[in-house]
Amino acid sequence: MPSTTPRVRFAPSPTGMLHVGGARTALFNWLFARHTGGTFILRIEDTDRARFNPDALADLTESLRWLGLDWDEGPEAGGPHAPYFQSERTELYRRYAQQLVDQGHAYKCFCTSERLEQMRKAQEGTSQSGYDKRCRTLDAGERARLEASGAPFVIRFAVPPDGATVFTDLIRGGISYPNAQQDDFVLLKSDGFPTYHLANVVDDHLMEITHVMRGEEWIPSTPKHVLLYERFGWAPPVFAHLPVILAPGGGKLSKRHGAAAVSEYRAMGYLPEALVNFLALLGWAVSGDEEIVPRERMIAGFEIERINKTSAQFNRDKLDWMNGQYIRQCDPARLIALCRPLLEQAGLLGPEVTDERLRFVMKLAQERMQALPDCIEQSRCFLADDIPYDDAAVQKFLRKEGVRENLEALRRRFAAVEPFEPKALEECVTAYLEESGQPLKKVVHPLRVAVTGRAASPGIYETLCGIGRERVLRRLDHVITRECAA
């Protein structure tokens, strides 16, 4: 382990929106930096100019901010190792690529795309694969002639033919790759832009990265990076490759299973703290079976060695449950601010809905929400003039003998009860039950369906209060005349 204060980085390519796998990688790096008092760096690996998407870059930074993953160095934050966009560092990569050529550790390859395609076709069905190293053995005269002609070229790394490249992964232990199985990979493309391998190593070294934490799909690339560190004479960072996130039951995670972008989860009404908590437990645990973990506890308990080797499965049901838990813990003022635009769009916030009434209604709705858009259905019976009635609930609870008489009696009492508040309403209903000698469920279940349209709601007395006297009386009139059994 490096003795210096850890410096870690999240280095995405802005070619698409930030998805949950990338977000977890960013989160683990951020937690490690905050746990150790280290530095979290955001670096934008945008050398693939054909696929660069400015909208993706905006989505990336906004999604990280929404998740609360602030960076100490990087775009907008600045820092001593700027610039943090690789497209602005191309001269550095060219210089270091040329250094390897001058030292005999890399070479110019003049093979045309046509020639490479022919080579690949000739290798089909054979045990050979990868570049055949033709330009590695060009004589000096031929190389000089090609250079003088201005022929386009790439720069390839000269992989040692013998031995093996060995490195230690903090999660997986020792890993060894025979050099004979390594291709002479490209460092600098013909357009002068670096490949991931060169830019990654140069930047990690110059930015003094101590730990590289990334997805396990990069394990086959790590021997290339270790070889580059060796040829440059630099000490490599510590590597830790995170397990892949699988679909429920195994297999590749697809959008159908939950591989959506962070911004899409935000739009679907998930809270950032819920998504962070959920992602943190995909391959890591703070202790035992603890599932609702505050961010401060995550930071205090995060250690790379506690990350699992085995792949984690994405469980959307668990995320929904977790989001519901965080919604119930949410500060009421914040929840109202988040839900107000949704309620306005649904036409539920008329001029008669005061801030006080909205607070009361949202307190009731909050207990039954799993995602922010649930506020619409959970608030509809309180805020809408007209409500839909569930056919099954009507059939089960309203089409029964005696229901009409009970609702008529309650309607008369509700019209006179003062104040129209939970305690007085409970006393009113209790008095009627005592007088009529009926059990609670025989009266309250039909009443709930009559005023909400559904068989389930928050507590009946809080529900009646939240709906308000005028709407309660109108709905009872409607049910008595149209829905109850004759």
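Summary of the structure given here. Starting from 1, residues in each chain are numbered consecutively following that chain's sequence as written. Under the rules for a predicted model, residues below a pLDDT of 70 receive no local features and side-chain atom pairs below 80 are neither given nor counted, while totals for whole chains, interfaces and linings still include all residues. For the side-chain quantities, the full set of heavy atoms in the structure was used; hydrogens and water were omitted.

### Regarding the sheet that holds strand E7 (residues 186–188)
As a reminder, the rule being used: Strands are treated as partners if at least two bridges between them are detected by DSSP. Think of it this way: any DSSP run of H or I at least four residues long counts as a helix, any run of E at least two long counts as a strand, and we number them from the N terminus. Comment: axis = line fitted to C-alpha atoms, over the contacting stretch for helices; angle = value between 0 and 180 degrees taken between N-to-C directions.
The strand order across the open sheet formed by three strands is E3-E4-E7, and the pairing between neighbours is antiparallel. Looking at strand neighbours, the two that pair on one side only are strand E3 (106–109) and E7, the edges of this open sheet. Strand-to-strand twist across the sheet, computed as the mean angle between neighbouring axes with direction ignored, equals 40°. Across four bridges, E3 lies against strand E4 (residues 154–157) in antiparallel orientation. Note that in E4 the partner of Ala106 across the bridge is Phe157.

### Points about the side chain of Lys224
Stated precisely, the cut-off is as follows: Categorising residues by exposure relies on relative accessible area from a 1.4 Å probe, with only protein chains included: less than 20% of the type maximum marks a residue as buried, more than 50% marks it as exposed, and the intermediate range marks it as partly exposed. Charge convention: Lys and Arg are scored as positive, Asp and Glu as negative, and His as well as the terminal groups of each chain are ignored. A carboxyl oxygen of Asp or Glu within 4 Å of a side-chain nitrogen of Lys or Arg is what we treat as a salt bridge. The criterion used for residue contact is that any of the two residues' heavy atoms lie within 4.5 Å.
Considering the arrangement of structural elements, one finds Lys224 in helix H7 (residues 222–232). One buried charge, Lys224, has no salt-bridge partner; the nearest side chain with opposite charge is Asp183, at 7.2 Å. Ignoring any residue separated from it by four or fewer positions in sequence, one finds Lys224 in contact with Gln182, Phe185 and His197.

### Thoughts on the pattern of salt bridges
The final tally for this structure, using the stated rule, is 32 salt bridges. Put simply, Glu91 and Arg94 hold a salt bridge, and the shortest N to O gap is 2.6 Å. With Glu91 and Arg94 both in helix H3 (residues 90–102), this residue pair falls three residues apart, about one helical turn. Overall, the relative accessible area of 29% leaves Arg94 in the partly exposed class. Residue Arg474 is joined to Asp385 by a salt bridge in which the shortest nitrogen-to-oxygen separation is 3.7 Å.

### A closer look at the nonpolar core
In plain terms, the rule: For this analysis, a nonpolar core means a set of buried residues of the types Ala, Val, Leu, Ile, Met, Phe, Trp, Tyr and Cys, connected via side-chain atoms within 4.5 Å.
In terms of nonpolar packing, the biggest core is built from 113 residues, with Leu407 and Phe414 touching the most fellow members. With nine residues, helix H1 (residues 20–36) is the largest single contributor of residues to this core. For Phe414, the residues in contact, after removing those within four places along its chain, are Phe420, Leu425, Cys428, Val429, Leu447, Leu464, Arg469, Val472, Leu473 and Leu476. Among the nonpolar cores identified, the runner-up in size contains 32 residues, and Ala97, Phe157, Val202 and Met207 belong to it.

### Considerations on the pairing of strand E9 (residues 238–242)
What counts is decided by this rule: A crossover counts as right-handed when, viewed with the strands pointing away from the observer, the path leading from the first strand over the helix to the second turns clockwise.
A large share of E9 lies buried, amounting to five of its five residues. Here E9 shows two buried faces, one formed by Val238, Ala240 and Leu242 and the other by Phe239 and His241. Sheet topology note: the strand E8 (residues 211–215)/E9 ladder contains five bridges and is parallel. Among the inter-strand pairings, Arg214 is bridged to a residue of E9, identified as His241. Viewed along the sheet, the connection from E8 through H7 into E9 turns out right-handed.

### Points about helix H6 (residues 196–206)
Taken across its eleven residues, H6 has eight buried, putting it largely inside the fold. All of the buried residues along H6 are His197, Leu198, Ala199, Asn200, Val201, Val202, Asp203 and Asp204.

### Some points on the layout of surface pockets
Put simply, the rule reads: Only protein atoms enter the calculation, which uses a 1 Å grid: trapped sets of points that fit a 1.4 Å probe without letting it out are cavities, open sets showing protein on both sides within 12 Å along at least five of seven lines are pockets, and any residue with an atom within 4 Å of a point is a lining residue. Grid points are joined across faces, edges and corners, and a volume is the space filled by probe spheres set on the points. Gly is put with the polar residues, along with every residue not named as nonpolar or charged; the nonpolar set is Ala, Val, Leu, Ile, Met, Phe, Trp, Tyr, Cys and Pro, and the charged set is Asp, Glu, Lys and Arg.
Roughly 1100 Å³ of internal volume is contained in the largest pocket. Forming the walls of the largest pocket are 41 residues, and the residues nearest its centre are Gly21, Gly22, Thr25, Glu217 and Trp218. When residues of the lining of the largest pocket are traced back to their parent elements, those giving at least two are strand E1 (7–10), H1, H6 and E8. In terms of residue class, the lining of the largest pocket is made up of 19 nonpolar, 13 polar and nine charged.

### Thoughts on the environment of Thr39
Looking at the element boundaries, Thr39 is found in strand E2 (residues 39–42). The spacing of Thr39 and Ile299 is 260 residues in sequence and 14 Å in space, taken between C-alpha atoms. Ignoring any residue separated from it by four or fewer positions in sequence, one finds Thr39 in contact with Pro6, Arg7, Val8, Ala33, Asp72 and Glu73.

### Some details on the state of the cysteines
Our working rule: For the purposes of this analysis, a disulfide is any pair of cysteine sulfur atoms at a distance within 2.5 Å.
This model, assessed by the stated rule, comprises zero disulfides. For Cys111, which is in no disulfide, the shortest distance to another cysteine sulfur is to Cys135 and amounts to 3.6 Å.

In short, geometric facts, not functional conclusions.
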